[in-house]
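# Geometric and topological summary
Each chain is listed here by its residues.
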Amino acid sequence: MDRILRSGECDFAAGETERATALLEDQIKGLPGGTRRAASLRVLAQIRARSLSVRDAFELATTARAEAGDASEAIAEVELDLAFYAFCLGDLVGAVDHARAALPYAEHAGLDPVRAEALACVSMAEFWLGRGRSEARMEEALALEDPGRVGPLEI
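Below, the structure is looked at part by part.

Rules behind the numbers
- Residues numbered from 1 in each chain as written.
- Predicted model: local features only at pLDDT ≥ 70, side-chain atom pairs only at ≥ 80, totals over all residues.
- Heavy atoms only, no water.
- Helix = DSSP H or I, 4+ residues; strand = E, 2+ residues; numbered from the N terminus.
- Expected span 1.5 Å × (residues − 1).
- Buried < 20%, exposed > 50% of the residue type's maximum accessible area, 1.4 Å probe, protein only.
- Contact = heavy atoms within 4.5 Å.
- Core = buried A, V, L, I, M, F, W, Y, C linked by side-chain atoms within 4.5 Å.
- Patch = residues over 30% accessible without salt bridge, like charges linked within 9 Å, V, L, I, M, F, W, Y side chains within 5 Å.
- Areas by Shrake-Rupley, 256 points an atom, 1.4 Å probe, with all protein chains shown as cover.
- Salt bridge = Lys/Arg side-chain N within 4 Å of Asp/Glu carboxyl O.
- Phe/Tyr/Trp six-rings, centres within 6.5 Å; stacked < 30°, edge-to-face > 60°.
- Lys NZ or Arg CZ within 6 Å of the ring centre and 35° of its normal.
- Axes fitted to C-alpha atoms, helices over the stretch in contact; angles between N-to-C directions.
- Parallel < 35°, antiparallel > 145°, perpendicular 65-115°, else oblique.
- Left-handed = near helix turned anticlockwise from the far one by under 90°.
- Nonpolar A, V, L, I, M, F, W, Y, C, P; charged D, E, K, R; others polar.

Moving on: helix 7 (residues 112-128). For helix 7, which comprises 17 residues, the first-to-last C-alpha distance of 24 Å matches the rise-based estimate of 24 Å (1.5 Å per residue) to within 8%. Burial within helix 7 is extensive, with 12 of its 17 residues counted as buried. Val-114, Arg-115, Ala-116, Glu-117, Ala-118, Leu-119, Ala-120, Cys-121, Val-122, Ser-123, Ala-125 and Glu-126 are the residues of helix 7 that are buried. Buried residues belonging to helix 7 abut helix 5 (72-88), helix 6 (92-109) and helix 8 (135-144). At the C-terminal side of helix 7, Gly-130 shows a positive phi close to 85 degrees.

Rendered as structure tokens:
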């Protein structure tokens, strides 16, 4: 991870939203497409989701997904973010679609905690859609979870 991205994350965690936003926006302007740009867009989207607009965050994350190319780790993380943003926007079908999209990439990248969150998101959204609940899916999510992982969205 590059220093500017890490600095933006730390500034945001410290409550310095404007500074974090400025750092990331400047970095994004100077980066060519690819996983570094996708990572910066993803963090900027998380900042927007918490400080301005989940809809704006969804749009930035959609751009980050396009920039991620075929990098499994980046795709898994961004698709999970998109699932949570869709959930917050009331798009339960979209939440299921994005969470399901994250699953094979998380598995390929060996990201069990991301896979756990995606499974949980699928379960929650499908329950709210009236499709019942899957005990097996939730057991798998609990077995894979990392309780110390900071989730993609805390609103």
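Next comes the rest of the write-up.
Ranked by internal contacts, the top residues of the largest apolar core, which has 21 residues, are Ala-99, Val-114 and Ala-118. With 7 residues, the single largest contributor to this core is helix 7. Among residues more than four places away in sequence, those in contact with Val-114 are Ala-76, Glu-77, Leu-80, Ala-106 and Arg-149. In terms of nonpolar packing, the next biggest core, distinct from the first, is built from 19 residues, Leu-41, Val-43, Leu-44 and Ala-57 among them.

A cluster of nonpolar side chains, Met-124, Phe-127 and Trp-128, forms an exposed patch at the surface whose accessible area comes to about 380 Å². Mapped onto the elements of the fold, Phe-127 is located in helix 7.

In this structure the tally under the stated criterion is 0 aromatic pairs. A cation over an aromatic ring shows up here: Arg-65 above the ring of Tyr-105, its NZ or CZ 5.8 Å from the ring centre.

As for its position among the elements, Thr-63 is in helix 4 (residues 54-67). For Thr-63, a relative accessible area of 34% puts it in the partly exposed group. Sequence separation of Thr-63 and Glu-135 is 72 residues, and the distance between their C-alpha atoms is 34 Å.

With their axes 8 Å apart at the nearest point, helix 7 and helix 8 run at an angle of 150 degrees to one another. Judged by the angle between their axes, helix 7 and helix 8 are roughly antiparallel. Relative to helix 8, the crossing made by helix 7 is left-handed. Across from Asp-112, Pro-113, Arg-115, Ala-116, Leu-119, Ala-120, Val-122, Ser-123 and Glu-126 in helix 7, the residues of helix 8 making contact are Arg-137, Met-138, Glu-140, Ala-141 and Leu-144. By residue class, the composition of the contact of helix 7 with helix 8 is 8 nonpolar, 1 polar and 5 charged.

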